[in-house]
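Fold and geometry: a report
So you can see what is in the structure, the chains are spelled out below.
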Amino acid sequence: MLKYIRRHQREREKLQRAYSKAQRGRRLGLYLHIPFCRSKCAYCDFYSLAGREGEMDRYLRALTRHLGEMAPRAEGYRVDTVYLGGGTPSILGAKRLTRLLREVRRRYRLERGCEVTVEANPDSVDLPLLRALRRAGANRLSLGVQSANDGELRAIGRPHTFSNAVRAVELARRAGFDNLSCDLIYGLPDQDMASWQASVEALIALAPEHLSCYGLQLEEGTPLYERRSELTLADDDEQADMYLWMVDRLARAGYRQYEISNFAKPGRESRHNLRYWRLEEYAGFGPGAHSDFGGRRYSYVRDLGAYLEGIEQGKPIVDEDREIPNDERGSEYLMLGLRTAEGIDGDWYGRRYHRNFRPLEDLLRGYEARGLARQEGGRWRLTPEGFLLSNPLILELLEAQEHHTVESLLAMGREE
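**Overview of helix α4 (residues 127–135)**
- Along α4, the residues classified as buried are Leu127, Leu129, Leu130, Ala132 and Leu133.
- The elements touched by buried residues of α4 are α3 (94–107), β5 (110–120), β6 (140–146) and α6 (162–174).
- At the N-terminal boundary of α4, the capping side chain belongs to Asp126, with an oxygen 2.9 Å from the backbone nitrogen of Leu129.
- Taken from the residues just after α4, Gly137 is the one with a positive phi, measuring 110 degrees.

Spelled out as structure tokens, the structure:
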């Protein structure tokens, strides 16, 4: 009997160790939305507010409380990325940001080497702020440069000049940031190829480790959209030429394209953004923030007042919450995976989502013949030319998968 008890105890301890190891292996990203801005840019559709600085302290208290309330749900996780986005997080100032990052470290188990990113506008940083961020554990800075042309910056309502951006990069280096990202936009009002090329060259000269380069999108409800008839904008073909030139130029400068709009020096990819495209778990905080956590996708009200009142008074702040079925996850794997240089693995897709990859592979081979896709190491990925057409190509793939699923179900019904 004693031998049996000891053996049972050893087995139980073995299972407990295995469970603990599995728990330790679970990783989570945190996104903290800071909705305050000095001014609202003419193209911006993100949830951000100008002229509300008086509510920053109240917001910080609510955000801190929210982090504490959610922490028990993340007990079995190790946090490997933290991202402060906005809005303009740097507008909070050194003391508030330090308190916020300290609270994150106190409430959550951050992995050694955790990537901690803070977004900033070039006009909203100085050396004391940047040094305070480094001391608080921030190790990646994302600067919204957008253009090296001051006229283009004024046209889209940016509150800074390119000389501000150059200075911000210099200060970031002096403060000890060795992982710096800069944003650029192509297709801006009155921008031509020569102006775009000059902006790219100016950013390459600043030598950031990462670049995010987006085509201008006119979003309904923004000032730029309302003035669209007055603007001189690049057409689709001109934007495509800008994009393809940029991809080639950045590759020659040592930046690897790892997603449609993102380029990095080796090992400097944004680990936080990669988790979105890889369908990894993340928890968002703040008004308008989204989460994919615990098998559910949910978001919070896109309203600062409602968010504050909800946290302070225990009222509901979730505006959407649902479980994502396996079929939908499979579609997301295709959509998001084909945005990246990693692409998709047909064998894994079939095993994980219980779907036949053959109809998709037939289409992908057709794309390959047109120079829009290629297969490497058993994975399919889009080429830069394919990235330009990613929306219609992915839609065609999803329709083919849906059609095959329906046909399979009908066939099963006939057999019965």
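Right, picking up where we left off after that structure.
**Digging into the pairing of strand β4 (residues 78–86)**
- Among the 9 residues in β4, 8 count as buried, and that is most of the element.
- Summarising the sheet, strand β1 (residues 27–34) and β4 pair through 8 bridges and their orientation is parallel. Bridging across to β4, Tyr31 finds its partner in Tyr83.
- As defined by bridge partners, β4 adjoins β5 across 5 bridges and the pair is classed as parallel. By the bridge assignment for β5, Tyr83 is matched with Thr117.

**Digging into the environment of Glu269**
- With respect to the secondary-structure elements, Glu269 resides in the loop between β10 (262–264) and α10 (271–277).
- Along the primary structure Glu269 and Asp292 are separated by 23 residues, whereas in three dimensions their C-alpha atoms are 21 Å apart.
- Once you skip the residues sitting within four places of it in the chain, Glu269 turns out to touch Glu115, His210, Arg256, Tyr258, Ala264 and Leu274.
- Side-chain polar atoms of Glu269 contact the side chain of Arg256, separated by 3.3 Å.

**Remarks on the sheet that holds strand β17 (residues 379–382)**
- Read across the open sheet, the 3 strands follow the order β15-β17-β16; overall the sheet is antiparallel. With one partner strand each, in any of the chains shown, β15 (344–345) and β16 (373–376) form the two edges of the open sheet.
- Bridge count for β16 against β17 is 4 bridges, and the pairing is antiparallel. Within β17, the position partnered with Glu376 by the bridge is Arg379.

**As for the pattern of salt bridges**
- Enumeration over the complete set of coordinates arrives at 31 salt bridges.
- Across the salt bridge formed by Arg296 and Glu323, the nearest N and O atoms sit 4.0 Å from each other. Of this pair, Arg296 sits in strand β13 (residues 296–300) while Glu323 sits in strand β14 (residues 318–323), placing them 27 residues apart in sequence.
- Among the residues examined, Glu323 registers a relative accessible area of 55% and is labelled exposed.
- Note that Arg322 and Glu328 form a salt bridge whose closest N and O atoms lie 2.6 Å from each other.
- Under the relative-accessibility criterion, Arg322 is labelled partly exposed at 34%.

**A short note on the pairing of strand β8 (residues 210–215)**
- Most of β8 sits inside the fold, with 5 of its 6 residues counted as buried.
- Here 6 bridges tie strand β7 (residues 180–186) to β8, and the two strands are oriented parallel to one another. The partner of Asp183 across the bridge, within β8, is Ser212.
- Handedness of the crossover is the feature at issue here: the chain leaves β7, passes through helix α7 (residues 193–206), returns alongside β8, and the resulting connection is right-handed.
- Inspection of the sheet shows β8 paired to β10 by 3 bridges, in the antiparallel sense. Paired with Ser212 across the bridge in β10 is Asn262.

**Structural notes on the nonpolar core**
- Within the largest apolar cluster, 104 residues are counted, with the highest numbers of intra-cluster contacts made by Leu30 and Tyr108.
- With 7 residues, helix α2 (residues 56–70) is the single largest residue contributor to this core.
- Contacts of Leu30, omitting those with residues within four sequence positions, involve Val79, Thr81, Val82, Tyr83, Val104, Tyr108, His272, Ala283 and Phe285.
- If you look at the next biggest cluster of nonpolar residues, it comprises 10 residues, including Cys41, Cys44, Leu224 and Leu231.

**Concerning helix α12 (residues 326–337)**
- In this model, α12 (12 residues) spans 16 Å end to end at C-alpha, consistent with the 16 Å of a helix rising 1.5 Å per residue.
- Every buried residue belonging to α12 is among Arg329, Gly330, Ser331, Glu332, Tyr333, Leu334 and Gly337, and all of these are buried.

**Some thoughts on a negative patch on the surface**
- On the surface, Asp235, Asp236, Asp237, Glu238 and Asp241 cluster together into a patch of negative charge.
- Within the fold, Asp241 resides in helix α9 (residues 236–252).

About the criteria used
Per chain, residue numbering runs from 1 following the sequence as it is written. Only residues with pLDDT of 70 or above have their local features reported here, since the model is predicted, and side-chain atom pairs are shown and tallied only from 80 upward, although totals for entire chains, interfaces and linings are computed over all residues. No hydrogens and no water enter the side-chain calculation; it runs on all heavy atoms of the structure. Categorising residues by exposure relies on relative accessible area from a 1.4 Å probe, with only protein chains included: less than 20% of the type maximum marks a residue as buried, more than 50% marks it as exposed, and the intermediate range marks it as partly exposed. Secondary structure elements follow DSSP: runs of H or I no shorter than four residues count as helices, runs of E no shorter than two count as strands, and numbering proceeds from the N terminus. Note on contacts: a residue pair qualifies if any of its non-hydrogen atoms lie within 4.5 Å across the two residues. By the criterion applied in these results, polar contacts are pairs of N or O atoms within 3.5 Å in which, for protein atoms, one can donate a hydrogen and the other can accept it, and in which residues neighboring in sequence qualify only through two side-chain atoms. Note on pairing: DSSP must find at least two bridges between two strands before they are called paired. Any carboxyl oxygen of Asp or Glu that lies within 4 Å of a side-chain nitrogen of Lys or Arg is treated as forming a salt bridge with it. By the criterion used throughout, a crossover qualifies as right-handed when its path from the first strand across the helix to the second strand runs clockwise, the strands pointing away from the viewer. In this text, buried Ala, Val, Leu, Ile, Met, Phe, Trp, Tyr and Cys residues form a nonpolar core when linked through side-chain atoms within 4.5 Å. Any helix carries an expected span of 1.5 Å times its number of residues minus one. Two joining distances apply to patches: 9 Å for like charges and 5 Å for nonpolar side chains (Val, Leu, Ile, Met, Phe, Trp, Tyr), and every residue must have over 30% relative accessible area and no salt bridge. Methods summary: accessible areas were calculated by the Shrake-Rupley approach with a probe of 1.4 Å, and residue burial reflects only the protein chains presented. The charged-residue count follows a simple rule in which Lys and Arg add positive charge and Asp and Glu add negative charge, with His and chain termini not counted at all. Charged groups are reduced to one reference atom each: NZ for lysine, CZ for arginine, CG for aspartic acid, CD for glutamic acid.

Keep in mind these values describe shape, not function.
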